[in-house]
Amino acid sequence: MIRAPASSRQSAGFTLLEILVALAVLGLLMAGLVQGLRTGVTAWNNQTKALAARGDLDATDRTIRILLARMNPGGASGRPPILKATARSLTFTTAMPDAADALPSRIADVTLALDDSHQLSLLWAPHVRGIPTTPPQPEKVVLLRDVDQLDLAYWHDGQQGWQPEWRGPSLPKLIRVRIVLPAGHAKQVPDIVVSPMRTRWQL
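Now for a description of the structure that goes with this document. Just so it is clear, the model here is predicted, and its values are computed rather than measured.

Let us now look at a nonpolar patch on the surface. Side chains of Leu 16, Ile 19, Leu 20, Leu 23, Leu 26 and Met 30 sit close together on the surface and give an oily, nonpolar patch of about 600 Å² of accessible area. By the element assignment, Leu 16 lies in helix H2 (residues 16-69). For Leu 16, a relative accessible area of 62% puts it in the exposed group.

Here is the structure:
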């Protein structure tokens, strides 16, 4: 009986043990690739959410500052401003931003408050010239979601400092808006402090 040389047997193929070892190594490599891909996707999603949240915070900051700065201080006839100011909500008359040029009037009554769903919202109703048959329904704009708390304060003077309510015949010198996000949120909102308009303007 003629036997094949040892080199011929080795080149004939892989043994079962070699195939199992190769499959095990390939499995480890695939697991590492999948884990790396999952980590990369998670990091990308977190970064995207952080950027989106930061964009919402910037837009909210700008909107609140514009509306408070343009707050109506009262008519030329000497009547007091339309203002309902508490620690949890603020209703006032203001001039809407320039983007509202398409509205019949840019003057609107606005309420800033936190609703039952923990959404920081603006309710606004434009002023309509003449006597409308039915008053316009307020429109709701959600500024931020998942807000834990809204704290409002009003500066009186150096002696009394910040007050949780405002009942004076004129506007407060400063209004502070404090938006508290949940403790686990990556970014907290700095206090928004605005000085309302001091000169009178005609509605």
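Scanning the entire structure with this criterion turns up five salt bridges. Put simply, Arg 65 and Asp 61 hold a salt bridge, and the shortest N to O gap is 2.7 Å. Linking Arg 65 with Asp 61, this pair stays in helix H2, spanning four residues, or about one helical turn. A salt bridge links Arg 167 to Glu 165, with the nearest nitrogen and oxygen atoms 3.1 Å apart. Residue class for Arg 167 comes out exposed when judged on its relative accessible area of 73%.

Right, let's talk about empty space enclosed by the protein for a bit. Scanning the model with the defined rule gives one cavity of 30 Å³ or more in all. By volume, the largest cavity amounts to about 40 Å³. Around the largest cavity, the lining residues are Ile 64, Leu 67, Leu 68, Phe 92, Leu 112 and Leu 122. For the lining of the largest cavity, the element with the highest residue contribution is H2, accounting for three residues.

On to the environment of Val 141. Relative to the assigned elements, Val 141 resides in strand E5 (residues 139-144). For the pair Val 141 and Leu 120, spaced 21 residues apart in sequence, the C-alpha separation works out to 8.7 Å. Val 141 has contacts with Leu 120, Ser 121, Leu 122 and Trp 124, leaving out every residue within four places of it along the chain.

Mapped onto the fold, Thr 93 is located in strand E2 (residues 89-95). According to the relative accessible area criterion, Thr 93 is buried, its value standing at 1%. At a separation of 2.6 Å, a polar atom in the side chain of Thr 93 contacts the side chain of Asp 109.

Centre distance and the angle of the planes are the two values used to describe a pair of aromatic rings. Across all of its chains, the model carries one aromatic pair by this definition. Here the aromatic rings of Trp 155 and Trp 162 are separated by 5.4 Å at their centres, their planes lie at 70°, and the arrangement is edge-to-face. Judged by its relative accessible area of 26%, Trp 155 is partly exposed. On the basis of relative accessible area, Trp 162 is assigned to the partly exposed category, the value being 30%.

Read from one edge to the other, the open sheet built from five strands follows the order E1-E2-E3-E4-E5, with strand pairing classed as antiparallel. At either end of the open sheet lies a strand with only one pairing partner, and these are strand E1 (83-85) and E5. Strand-to-strand twist across the sheet, computed as the mean angle between neighbouring axes with direction ignored, equals 25°. Sheet topology places strand E3 (residues 107-114) next to strand E4 (residues 120-126); seven bridges connect them, and they run antiparallel. Across the sheet, Asp 109 pairs through a bridge with Ala 125, a residue of E4.

Reading guide: rules and limits
Residues numbered from 1 in each chain as written. Predicted model: local features only at pLDDT ≥ 70, side-chain atom pairs only at ≥ 80, totals over all residues. Heavy atoms only, no water. Patch = residues over 30% accessible without salt bridge, like charges linked within 9 Å, V, L, I, M, F, W, Y side chains within 5 Å. Areas by Shrake-Rupley, 256 points an atom, 1.4 Å probe, with all protein chains shown as cover. Salt bridge = Lys/Arg side-chain N within 4 Å of Asp/Glu carboxyl O. Helix = DSSP H or I, 4+ residues; strand = E, 2+ residues; numbered from the N terminus. Buried < 20%, exposed > 50% of the residue type's maximum accessible area, 1.4 Å probe, protein only. 1 Å grid on protein atoms, 1.4 Å probe; cavity = no way out; pocket = protein on both sides within 12 Å on 5 of 7 lines; lining within 4 Å. Points joined across faces, edges and corners; volume = space filled by probe spheres on them. Contact = heavy atoms within 4.5 Å. Polar contact = N/O pair within 3.5 Å; in protein donor to acceptor, adjacent residues only side chain to side chain. Phe/Tyr/Trp six-rings, centres within 6.5 Å; stacked < 30°, edge-to-face > 60°. Pairing = 2+ DSSP bridges. Axes fitted to C-alpha atoms, helices over the stretch in contact; angles between N-to-C directions.

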